[in-house]
Amino acid sequence: MKKIALFTLAVIFGLSFGQAQGDFTAGIHGGLPIGDAGDLATFAIAVELGYLFDVSDEFKAGPTLGYSHSFGEDIDTGFGTFEVDDIQFLPIAAAGRFSITDEFSLGADLGYAIGINDGNDGGFYYAPRAAYSVSEAIDIVLAYRGVSLDGGSWDIISLGLEFGID
């Protein structure tokens, strides 16, 4: 499954360079694990790269690739403390962005998050988001990032910056 996802991403990015006009994007985000993830991790960082095609004046879509790293927490059991290993994902997704106004947009990323650390099989990736443009090239992004896993999910609320690269 991981090989198929990586091959698909390579094909999508390869085809992106010869298609209609679009924009490269790069983002960096800090987040708080919530739910079950909040019991096992203290903080998360995420970075992402994408290429969004202009589908219409209000809508953009394209591939995105990211890296998410959640820092494991030390848990006191009463009998001792044990350290939870860090959790890492490599999300590969399709991104869609709809401009509500010139400054405000809504969107979502949907795809598969490959689990990187030992024992992490990954799962379906979803990331609804809202963005506010502070300049022509910088957006402030609030997102809910989730990975559906066997028996649960790994969820993070994140805030970050996304940069348009021309």
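I will try to describe carefully the structure that is included in this document.

### A short note on the pattern of salt bridges
Going through the model one piece at a time under the given rule, you end up with 6 salt bridges. Of the charged contacts in the structure, one is a salt bridge between arginine 145 and glutamate 48, with a shortest N-O distance of 3.5 Å. Highlighted residues: arginine 145 in strand E9 (residues 138-149) and glutamate 48 in strand E2 (residues 41-54), separated in sequence by 97 residues. According to the relative accessible area criterion, arginine 145 is buried, its value standing at 10%. Note on glutamate 48: relative accessible area 9%, which makes it buried. Close ionic contact of arginine 129 with glutamate 162 constitutes a salt bridge, the shortest N to O distance being 3.2 Å.

### Comments concerning the sheet that holds strand E1 (residues 22-34)
The strand order E1-E2-E3-E6-E7-E8-E9-E10 describes a closed barrel built from 8 strands, whose pairing is antiparallel. Each adjacent strand pair in this sheet contributes to an overall mean axis angle of 25°, direction not counted. Bridge count for strand E7 (residues 104-115) against strand E8 (residues 123-133) is 10 bridges, and the pairing is antiparallel. Bridge pairing in E8 links aspartate 109 to alanine 127.

### Here's the deal with the environment of serine 68
Along the chain, serine 68 falls in strand E3 (residues 59-72). For serine 68, a relative accessible area of 11% corresponds to the buried category. Sequence spacing of serine 68 and isoleucine 28 is 40 residues, and the spatial spacing of their C-alpha atoms is 10.0 Å. Each residue touching serine 68, except ones within four places of it in the same chain, is listed here: Ile45, Ala46, Ile87, Gln88, Phe89, Pro91 and Ile156.

The rules behind the values
Residues numbered from 1 in each chain as written. Predicted model: local features only at pLDDT ≥ 70, side-chain atom pairs only at ≥ 80, totals over all residues. Heavy atoms only, no water. Salt bridge = Lys/Arg side-chain N within 4 Å of Asp/Glu carboxyl O. Helix = DSSP H or I, 4+ residues; strand = E, 2+ residues; numbered from the N terminus. Buried < 20%, exposed > 50% of the residue type's maximum accessible area, 1.4 Å probe, protein only. Pairing = 2+ DSSP bridges. Axes fitted to C-alpha atoms, helices over the stretch in contact; angles between N-to-C directions. Contact = heavy atoms within 4.5 Å.

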